[in-house]
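Structural description and commentary
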Amino acid sequence: MRIGIGNDHAAIEMKNDVAAYLKEKGIEVVNYGTDEPVSCNYPEYGEKVGRAVVSGEVDLGILICGTGVGISLAANKVKGVRAVVCSEPYSAKLSRQHNNTNVLAFGARVIGIEMAKMIIDEWLNAEFMGGRHQTRVDMIMAIEDKPC
Ligand code: RB5
């Protein structure tokens, strides 16, 4: 399993902690985020990870900014991305089982590293259930191709 990780300046420390945690689990980590502690623009990193997931360069993506909100919004603009912001494990698990999310986001200013680890574990251990949920995910993805 290969996971692409992206972050802005608000989440460098948490990115490093999360990357170390994933590596401990034997997961390959590709760093698309910033390592410079200077103010930067989170959309750049959300887009990079989103494109890496959709192209198959990585299997899944994890995004971290101050809240997880801005960076996930950016990733969700990449066609094929289903990014979710989670501050607790239940939604993370269900977002895989029901919504087949391929990008997980959270906020370094919202949760601590231990909660982040629990969220990651539930997300990675869950499997998409398909069936009626596939129909609904297909409906979500079809919105991308509808004219505005
Ligand atoms: C950066 O100050 C902050 O806006 C960013 O990390 C994130 O929280 C945006 O959604």
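What you are looking at is a predicted structure, and each value in this text was computed from that prediction instead of being measured.

As a further point, take unusual backbone geometry. Notably, N100 is not glycine yet its phi reads approximately 50°, a positive angle. Of note, N100 is situated in the loop between α4 (89-97) and β5 (103-107).

D8, H9, A10, Y42, C65, G66, T67, G70 and R109 make up every residue found near the ligand. Here D8 contributes a side-chain N or O atom positioned 2.6 Å from an oxygen atom of the ligand. In this structure, an oxygen atom belonging to the ligand sits 2.9 Å away from a main-chain N or O atom of G70. Protein contacts shield 72% of the accessible area of the ligand, which totals 290 Å² for the unbound molecule. Looking at the shell around the ligand residue by residue, the classes come out as 3 nonpolar, 4 polar and 2 charged.

Strand order in the open sheet made by the 5 strands is β2-β1-β3-β5-β4, with parallel pairing throughout. One side of each edge strand has no neighbouring strand; the edge strands of this open sheet are β2 (28-31) and β4 (83-85). The average undirected angle you get between the axes of adjacent strands in this sheet is 25°. Of the strand pairs in this sheet, strand β1 (residues 2-7) and strand β3 (residues 60-65) are connected by 5 bridges, and their pairing is parallel. From the neighbouring strand, I3 faces β3, where its bridge partner is L60.

The geometry of helix α2 (residues 42-55) relative to helix α3 (residues 69-76) is characterised by a closest axis approach of 7 Å and an angle of 45° between their N-to-C directions. Taken together, the axis directions place α2 and α3 in an arrangement best described as oblique. Note on packing geometry: the crossing formed by α2 with α3 is right-handed. Each of Y42, P43, Y45, G46 and E47 in α2 lies in contact with α3, whose residues at this interface are G70, I71, A74 and A75. Here the residues of the contact of α2 with α3 sort into 6 nonpolar, 2 polar and 1 charged.

Structurally, a disulfide amounts to a covalent bond that connects the sulfur atoms of two cysteines. Scanning the model with the defined rule gives 0 disulfides in all. C86 forms no disulfide, and the closest cysteine sulfur to it belongs to C65, at a distance of 13 Å. For C86, a relative accessible area of 1% corresponds to the buried category.

Here the focus is the pattern of salt bridges. Evaluated as defined, the whole model comprises 7 salt bridges. The residue K15 makes a salt bridge to D35 at a minimum N-O spacing of 3.1 Å. One end of the pair, K15, is in helix α1 (residues 12-24); the other, D35, is in the loop between β2 and α2, and 20 residues separate them in sequence. Judged by its relative accessible area of 2%, K15 falls in the buried class. Classification of D35 by relative accessible area gives partly exposed; the value is 42%. Of the charged contacts, one joins R51 and E47 as a salt bridge, the two residues approaching to 2.8 Å between their closest N and O atoms.

Below, the discussion takes up the environment of A19. Looking at the element boundaries, A19 is found in helix α1. In this structure A19 comes out as buried when scored by relative accessible area, which is 8%. Once the C-alpha coordinates of A19 and I5 are considered, the two residues, 14 residues apart in sequence, prove to be 7.7 Å apart. Other than its neighbours up to four places away in sequence, A19 contacts I5 and V29.

The rules behind each value
- Residues numbered from 1 in each chain as written.
- Predicted model: local features only at pLDDT ≥ 70, side-chain atom pairs only at ≥ 80, totals over all residues.
- Heavy atoms only, no water.
- Helix = DSSP H or I, 4+ residues; strand = E, 2+ residues; numbered from the N terminus.
- Near = heavy atom within 4 Å.
- Polar contact = N/O pair within 3.5 Å; in protein donor to acceptor, adjacent residues only side chain to side chain.
- Areas by Shrake-Rupley, 256 points an atom, 1.4 Å probe, with all protein chains shown as cover.
- Nonpolar A, V, L, I, M, F, W, Y, C, P; charged D, E, K, R; others polar.
- Pairing = 2+ DSSP bridges.
- Axes fitted to C-alpha atoms, helices over the stretch in contact; angles between N-to-C directions.
- Parallel < 35°, antiparallel > 145°, perpendicular 65-115°, else oblique.
- Left-handed = near helix turned anticlockwise from the far one by under 90°.
- Contact = heavy atoms within 4.5 Å.
- Disulfide = S-S within 2.5 Å.
- Buried < 20%, exposed > 50% of the residue type's maximum accessible area, 1.4 Å probe, protein only.
- Salt bridge = Lys/Arg side-chain N within 4 Å of Asp/Glu carboxyl O.

The values are spatial; any link to function lies outside them.
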